Amino acid sequence: MSPNTPTYLAYQHDAKLLQLETTIQSIQPISALHEINQSLFKTAQEDDYIIVTKETIFHPQGGGQPSDEGYIFLANPTTTSTSSSPSPPSLNDADAIFQVLSARMDATNNGQVLHLIRPTSTSTNPSSPPPPNTPIIQKVDAAKRLLYSRLHTAGHVLGSAVRHLLESQVPDFDELKASHFPDSASCEFRGSIGGEWKEAIQTRVSEYIAQGMPVEIEFWDEADFTREGLEHLRPDRSLLAPGEEKFRVVRIVGAEVYPCGGTHVETTDRCGETVVKKISRSKGNSRVSYVVV
């Protein structure tokens, strides 16, 4: 495989896939990275490595969503499923050879996911990592993935609720950007949203959550955006995911459609209770913050 081959983003096609067998494409010390990429990993230590794999189930930080974390194991006959045992093998985190601390998209080589990894106490020789083409198993921290998925879906629910309530009430209204980090979850909108709208927004959000609306992942081309009357949402083709010919969109059935590369829960009720914290305003824009509990 060419070292420049884009990483297949398996999590975009199956966010419930928390374990995946793949192969190492490249592995190198963090110090060997281009300085632009080194700057992506603020918490890296001198003995950490960067690994690129053929596929990944680790969502790299971006689009307002935090990076997945987890572990990497060597794949061997005791950890690899067979045709008579199609279920994923049960892996003990204590047997991992690396801890995955963070993942980011390569800033210099479009399409590859860089995983920041640290040898565990299980590593027999952390100074001599496994070579390219070694089969490994990735395992995502399921609890953190679920939290990030709840937050991301809840952010879309909030955005939809605000749009449906205020699009015709607030001059020059539009949805701008969002953060789905646990300690700073918020959605930003163009236009001034007064604090008197907080209760109505909370009521609408709670309604959407309680309805258990299906959250569906679809892949659209330009014609699909036109057919749905959503040309204004069509991203530039430069934003296509690596190796993809169509744009990934998330449809909250009965509410909204968003171009989105993040992970989500299957229905809105799985977000859990979503609380609108406050509305703040600055320079003509408004930010609505929230938490999931």
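Residues numbered from 1 in each chain as written. Predicted model: local features only at pLDDT ≥ 70, side-chain atom pairs only at ≥ 80, totals over all residues. Heavy atoms only, no water.

Some points on helix H2 (residues 142-166)
Then, in step 1: The first and last C-alpha atoms of H2 sit 36 Å apart over 25 residues, in line with the 36 Å expected at 1.5 Å per residue.
Then, in step 2: Most of H2 is tucked away: 19 of the 25 residues are buried. (Helix = DSSP H or I, 4+ residues; strand = E, 2+ residues; numbered from the N terminus. Expected span 1.5 Å × (residues − 1). Buried < 20%, exposed > 50% of the residue type's maximum accessible area, 1.4 Å probe, protein only.)

Re the pairing of strand S3 (residues 49-53)
Then, in step 1: With 5 of its 5 residues buried, S3 lies for the most part within the structure.
Then, in step 2: Residue alternation in S3 divides its side chains into two sets, Tyr49, Ile51 and Thr53 and Ile50 and Val52, and both sets are buried.
Then, in step 3: Two elements, strand S2 (residues 19-29) and S3, share 5 bridges in a ladder whose sense is antiparallel. From the neighbouring strand, Ile27 faces S3, where its bridge partner is Ile51.
Then, in step 4: Two elements, S3 and strand S7 (residues 113-119), share 3 bridges in a ladder whose sense is antiparallel. (Pairing = 2+ DSSP bridges.)

A look at the pairing of strand S12 (residues 247-252)
Then, in step 1: Within S12, 6 of the 6 residues are buried, which leaves it mostly tucked inside the rest of the structure.
Then, in step 2: Burial along S12 is two-sided: Phe247, Val249 and Arg251 facing one way and Arg248, Val250 and Ile252 facing the other are all buried.
Then, in step 3: Where strand S11 (residues 215-220) lies against S12, 6 bridges are found, and the strand directions are antiparallel. By the bridge assignment for S12, Trp220 is matched with Phe247.
Then, in step 4: Judged from the 4 bridges that link them, S12 and strand S13 (residues 256-259) form a sheet pairing that is antiparallel. Bridge pairing in S13 links Val250 to Tyr258.
Then, in step 5: Counted between consecutive antiparallel strands, the loop separating S12 from S13 contains 3 residues, among which Gly254 sits at a positive phi close to 95°.

A short note on the domain arrangement of the chain
Then, in step 1: With domains assigned, the chain is organised as domain 1 (8-140) and domain 2 (146-292).
Then, in step 2: The centre of domain 1, based on its C-alpha atoms, is set 29 Å off from the matching centre of domain 2.
Then, in step 3: Facing 17 residues of domain 1, the contacting portion of domain 2 comprises 18 residues.
Then, in step 4: Buried area between domain 1 and domain 2, summed over both chains or domains, comes out near 1400 Å², and the portion from carbon and sulfur atoms is 57%.
Then, in step 5: Its largest share of buried area at the contact with domain 2, domain 1 owes to Gln12, Gln65 and Pro66, together 41% of the area lost on that side. (Domains from an automatic or database assignment. Contact = heavy atoms within 4.5 Å. Buried area = accessible area lost by both parts, 1.4 Å probe.)

Quick look at the UniProt feature "domain: Threonyl/alanyl tRNA synthetase SAD" (unreviewed entry) in the chain
Then, in step 1: The positions UniProt marks with the feature "domain: Threonyl/alanyl tRNA synthetase SAD" (unreviewed entry) are residues 247-289.
Then, in step 2: The annotated region residues 247-289 carries 0% helix and 56% strand content, and the separation between its end C-alpha atoms amounts to 28 Å. (UniProt positions renumbered as here; feature names shortened; annotations may be inferred.)

So, the packing of H2 against helix H3 (residues 198-210)
Then, in step 1: The contact between H2 and H3 brings their axes to 9 Å, and the two run at 125°. By the angle class used here, H2 and H3 are oblique. Of the two possible hands of crossing, H2 and H3 adopt the one that is right-handed. Between H2 and H3, the contacting residues are Val157, Leu158, Ser160, Ala161, Val162, His164, Leu165 and Leu166 on the first element and Ala200, Ile201, Arg204, Val205, Tyr208 and Ile209 on the second. (Axes fitted to C-alpha atoms, helices over the stretch in contact; angles between N-to-C directions. Parallel < 35°, antiparallel > 145°, perpendicular 65-115°, else oblique. Left-handed = near helix turned anticlockwise from the far one by under 90°.)

Some details on the layout of surface pockets
Then, in step 1: By volume, the largest pocket is sized at about 1300 Å³.
Then, in step 2: What lines the largest pocket is a set of 49 residues, and nearest its centre among them are Gly63, Leu239, Pro259, Cys260 and Gly261.
Then, in step 3: Contributing elements (two or more residues each) for the lining of the largest pocket: H2, strand S9 (174-179), strand S10 (186-190), S12 and S13.
Then, in step 4: Taken together, the residues of the lining of the largest pocket sort by class into 22 nonpolar, 18 polar and 9 charged.
Then, in step 5: Here the second largest pocket is characterised by a volume of approximately 250 Å³.
Then, in step 6: Thr43, Gln61, Ser67, Leu101 and Ser102 are the residues nearest the centre of the second largest pocket, which is lined by 14 residues in total.
Then, in step 7: Considering every element that reaches the lining of the second largest pocket, the biggest residue donor is strand S6 (residues 98-105), with 3 residues.
Then, in step 8: For the lining of the second largest pocket, the per-class residue count stands at 7 nonpolar, 4 polar and 3 charged. (1 Å grid on protein atoms, 1.4 Å probe; cavity = no way out; pocket = protein on both sides within 12 Å on 5 of 7 lines; lining within 4 Å. Points joined across faces, edges and corners; volume = space filled by probe spheres on them. Nonpolar A, V, L, I, M, F, W, Y, C, P; charged D, E, K, R; others polar.)

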